[in-house]
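Chain by chain, the residues:
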Amino acid sequence: MMEIIELHNGTEAQIAEYREQEILEYQGNPLIEALPPIYSQEEVIDRLSMYPPYNKEERYLNDHQRVHLISRLLHYFQAIPIHLRIESSISRLIRTGYTYRNPVSSTYAQTFVDNWNNIQNKSFDKSIIQTGQTLSILGVSGVGKTRTLQRVLQTIPQVISHVSYKGQALNHYQVTYLKIETPFDGSVKTIIYDFMYQVDLLLGSNYFNRYVNSHLSTSQLMPIMAQIAKSINLGMLFLDELQHLKGIKSSSSAQILNFFTALINTINIPLIMVGTPKAMDVLQSQFRQARRSTNMGNIMWDRFEKDAIWDLFVQGMWKYQWTKEEIPITEEISSILYYESQGIADIAIKLYMMVQLRAISSGKEKITSTLIKQVAQEELKMVQPMLNTLKIEDYSKLAKYDDLMLPNIEDYIEQERIIVDQKQVMNSLQEGAKRKNEEVKLIDDAVFRLGMIGFKNDAAVKAVQKVISENNQIRDISQVVKDAFLLLNNNEKSTDKIISNDLRTIIKKGKEQQITVYQALLDAGVIKQDYPERDVS
């Protein structure tokens, strides 16, 4: 069981647990030994894949409940070969970066002294031979870059606390990764401040407030950032939204990439750059000029091909079906779904969600090829230019579309939920009116029967209403009358009245007194004499 401590700012840090390393280069380095093990492909698949809970019986829940259940599809994640490649690359990069940064080695402390001299000299030493590496992951919006990185990074504790190593004190924090975004303004200083801010969020430090108003130049801040990165034993740095460099001056983008090259070379921190195809031009034109010796690997992430991997993805997704009529996946449906999403995972999942929502809100409760086409045509308008470009395979125009907003599924869910709610409200109103009419009739009939046996109208109404309110499942007139009679009969004040007004009791007493039924009823005041008595004397 891994031990977790909470830092003073609420961040959790895992207490280091050291594992023996089979690879020679990784042995004797607490920063590497504290990392999770190197996983096999089977273990990676198990750790990355995510299958939300699902029960077929949920398809019979109410419409407004099923609308909520469909959101579970947003958590669906099927591991595929490119995910395994990215996990393996990250696993190697972080270990390679730590190989030359061992806190128990004699050279570890010296690097802090050297960098302190850089801070004093207000310079950034770029002369050190680099050993760090970079990895760029480029793909159109929606293929799953961000989600995959999240899943991979969730297998690595972000903050590790070292207390002792092999009997020696080792008071270090180890931040395994940090993510920052490429600034729109192309400013290296913005990147440095963002870096400081992210470190403060994790460790509760105060670097950002200390330096943001310090009026130090970029060249003065660069060695400070390097010193911070060393002190927190940073494992990897993620630079997201790399395509932002495309929209700024060439000199600014070159300055940023030069800065990261120097940072990699100086403190051996691997850099992982993530972006859309727009970023490729920047990498090719600027990064190679910045440092031709940089060992850079590229992962070009394309959409799904219509092959066995697509089938695996769709089949895993298709079981999450909440329409009342369950439709099996067919080659026709799979092909249409591929055509309309062009194999882009995010669009495929959201289109499938929208189709189910439409099937439920419309009352059709069935997924069809026609419905998939209709929903795609109506709801994917914002991304149709990009999808059409992919359909005709005009890749020269693709880069201009890769930043388009993907379907906002939350807005669509809300839109369909309102339709479902409106239907539900109307159904409820109609059902309510029907129940009310039935209830009024039930009360009238029960009161009439109680009146026939001598109960006053007001008392009978109250008794019947009480019986129905306490058990609104009763709809049998005989049961209502019986329960109301018992309720009234238990009222002592009405007991004498019930007996005296009960026709059966009056008639029985009349027989006992040997008088006619007419005379008994007349004497009891139940009936009136229609003519005055004549004097027969």
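Draft legend 1. Up close: the overall build of the protein. When helices and strands are counted, the protein shows 22 helices and nine strands. When each of the 537 residues of the protein is scored for burial, the buried share is 47%. Pairs at least 24 apart in sequence give 74% of the contacts found in the protein among residues at least 6 apart.

Draft legend 2. Structural context of the side chain of R303. Mapped onto the elements of the fold, R303 is located in the loop between β9 (296-301) and α12 (308-318). Here R303 is buried and forms no salt bridge, its nearest opposite-charge partner D302 lying at an N-O distance of 4.2 Å. A polar contact of 2.5 Å, which involves the side chain of R303, links it to the side chain of Q342.

Draft legend 3. Fine view of helix α19 (residues 477-489). Between the first and last C-alpha of α19 there are 18 Å, a value that for 13 residues agrees with the 18 Å anticipated at 1.5 Å per step. Of all the positions in α19, only I477, V480, V481, A484 and L488 are classed as buried. For α19, the angular spread of buried residues about the axis comes to 95°, placing them on one side.

Draft legend 4. Representation of the sheet that holds strand β2 (residues 12-15) within the structure. Taken in spatial order, the four strands make up an open sheet running β1-β2-β4-β5, and their pairing is mixed. Every other strand in the sheet has two partners, leaving β1 (4-6) and β5 (168-175) as the edge strands with one partner each. Averaged over all adjacent pairs, the angle separating strand axes in this sheet is 25°, with direction ignored. Here strand β4 (residues 159-165) pairs with β5 via six bridges, running antiparallel. The partner of Y165 across the bridge, within β5, is Q168.

Draft legend 5. The packing of aromatic side chains, seen in detail. Enumeration over the complete set of coordinates arrives at 16 aromatic pairs. Plain terms: the ring middles of Y51 and Y76 are 6.3 Å apart, the flat faces sit at 40° to each other, and that makes the pair tilted. Of this pair, Y51 sits in the loop between α2 (41-48) and α3 (63-69) while Y76 sits in the loop between α3 and α4 (81-99), and the two are 25 residues apart along the sequence. A residue is classified by how much of its surface remains accessible, and Y76, at 1% relative accessible area, is buried. Between W310 and Y338, the aromatic rings sit 5.1 Å apart at their centres with planes inclined by 85°, giving edge-to-face as the arrangement. With a gap of 28 residues between them, W310 in helix α12 and Y338 in helix α13 (residues 331-341) connect regions that are remote in the sequence. The pair W310 / Y338 is uniform in exposure class, with both members buried. Among the aromatic residues, those joined into a ring-pair cluster are Y51, Y54, Y76, F304, W310, F313, Y320, W322 and Y338.

Draft legend 6. Spatial organisation of the layout of surface pockets. The volume enclosed by the largest pocket comes to roughly 570 Å³. Taken together, 31 residues form the lining of the largest pocket, with G142, G144, K145, R147 and D346 sitting closest to its centre. Going through the elements one at a time, α6 (145-153), β8 (271-275) and α14 (345-362) are the ones with two or more residues in the lining of the largest pocket. The element best represented in the lining of the largest pocket is α6, accounting for five residues.

Draft legend 7. Up close: the environment of L337. If you trace the backbone, L337 turns up in helix α13. Expressed as a C-alpha distance, the spacing of L337 and I372, which sit 35 residues apart in the sequence, is 7.2 Å. Not counting chain neighbours up to four residues away, the residues in contact with L337 comprise W310, V314, M317, W318, A348, L351 and I372.

Draft legend 8. How the structure looks around the pairing of β4. Counted residue by residue, β4 has five buried out of seven residues, so it is predominantly covered. Count of turn residues in the β4/β5 antiparallel hairpin: two residues, of which K166 carries a positive phi of about 55°.

Draft legend 9. Just the pattern of salt bridges, in detail. Summed over the entire model, instances satisfying the criterion amount to twelve salt bridges. Among the ionic pairs, E326 bridges to K56, the shortest N-O distance being 3.7 Å. With E326 in the loop between α12 and α13 and K56 in the loop between α2 and α3, this residue pair connects regions lying 270 residues apart in the sequence. Given a relative accessible area of 35%, E326 falls into the partly exposed group. Given the relative accessible area of 45%, K56 is considered partly exposed. Notably, a salt bridge pairs E379 with R358, separated by 3.1 Å at the nearest N-O pair. You can see E379 sitting in helix α15 (residues 369-379) and its partner R358 sitting in helix α14, a full 21 residues away along the chain. For E379, a relative accessible area of 24% corresponds to the partly exposed category. With a relative accessible area of 14%, R358 lands in the buried category. The structure contains a network of salt bridges with shared partners spanning K56, R59 and E326.

Draft legend 10. Fine view of the side chain of T155. Within the element layout of this structure, T155 appears in the loop between α6 and β4. Here the side chain of T155 touches V152 through a polar contact of 2.5 Å, landing on its backbone oxygen. Apart from the residues lying within four places of it in its own chain, the contact partners of T155 are P36, Y39, R47 and L48.

Draft legend 11. Focus on the nonpolar core. Judged by nonpolar contacts, the single largest core of 73 residues is most densely connected at I90, M236, I272 and F313. Examining the composition of this core, we find that twelve residues originate from one element, α14, more than from any other. Apart from the residues within four sequence positions on either side, I272 is in contact with I90, L93, L135, I137, M236, L237, F238 and L239.

Draft legend 12. Looking closely at the packing of helix α7 (residues 188-203) against helix α9 (residues 218-231). Two elements in contact, α7 and α9, have axes whose closest approach is 10 Å; the angle formed by their N-to-C orientations is 30°. Viewed along their axes, α7 and α9 adopt a mutual orientation that is roughly parallel. Here the hand of the crossing between α7 and α9 comes out left-handed. Facing α7, whose interface residues are V188, K189, I192, Y193, F195, M196 and V199, α9 presents T218, L221, M222, I224, M225, I228 and A229.

Draft legend 13. A look at unusual backbone geometry. Although it is not a glycine, H215 adopts a positive phi angle of roughly 65°. Checked against the element boundaries, H215 lands in the loop between α8 (207-211) and α9. With a relative accessible area of 75%, H215 lands in the exposed category. One non-glycine residue, E365, adopts positive backbone phi at about 55°. By the element assignment, E365 lies in the loop between α14 and α15.

About the cut-offs
Numbering of residues begins from 1 in every chain and follows the order in which that chain's sequence is written. Totals for whole chains, interfaces and linings use all residues, but because this is a predicted model, local features are given only for residues with pLDDT of at least 70 and pairs of side-chain atoms are given and counted only at 80 or more. Computation of side-chain values covers all heavy atoms of the structure but excludes hydrogens and water. In this description a helix means any DSSP run of H or I spanning at least four residues, a strand means any run of E spanning at least two, and both kinds are numbered starting from the N terminus. Each residue is placed in one exposure class: buried if its accessible area under a 1.4 Å probe, protein chains only, is under 20% of its type's maximum, exposed if it is over 50%, and partly exposed if it falls in between. Contacts between residues were defined by any pair of non-hydrogen atoms, one from each residue, lying within 4.5 Å. Note that His is not counted, nor are the chain ends; the positive residues are Lys and Arg, and the negative ones are Asp and Glu. In what follows, salt bridge is the name for a side-chain nitrogen of Lys or Arg lying within 4 Å of a carboxyl oxygen of Asp or Glu. What qualifies as a polar contact is a pair of N or O atoms within 3.5 Å, subject to a donor-acceptor requirement within protein and to the restriction that residues adjacent in sequence count only when both atoms come from side chains. Helix span, expected: 1.5 Å multiplied by one less than the number of residues in the helix. In this description, the arc belongs to the directions extending from the helix axis to the C-beta atoms. Paired strands, as defined in this entry, are two strands with at least two bridges between them according to DSSP. Lines fitted to the C-alpha atoms define the axes, with helices restricted to the stretch that makes contact. Angles between their N-to-C directions range from 0 to 180 degrees. Only the six-membered ring of Trp is used, alongside the rings of Phe and Tyr, when aromatic pairs are assigned; centres must lie within 6.5 Å, and planes under 30 degrees apart are stacked while those over 60 apart are edge-to-face, with the rest tilted. Here a cavity denotes grid points, spaced 1 Å and computed from the protein atoms alone, that fit a 1.4 Å probe unable to get out, and a pocket denotes an open set having protein on both sides within 12 Å along at least 5 of 7 lines; residues with an atom within 4 Å of a point are the lining. Grid points are joined across faces, edges and corners, and a volume is the space filled by probe spheres set on the points. As used in this record, nonpolar core signifies buried Ala, Val, Leu, Ile, Met, Phe, Trp, Tyr and Cys residues forming a set joined through side-chain atoms within 4.5 Å. For this classification, under 35 degrees means roughly parallel, over 145 means roughly antiparallel, 65 to 115 means roughly perpendicular, and everything else is oblique. It is the rotation of the near helix from the far one that decides the hand of a crossing: anticlockwise by less than a right angle makes it left-handed, clockwise makes it right-handed.

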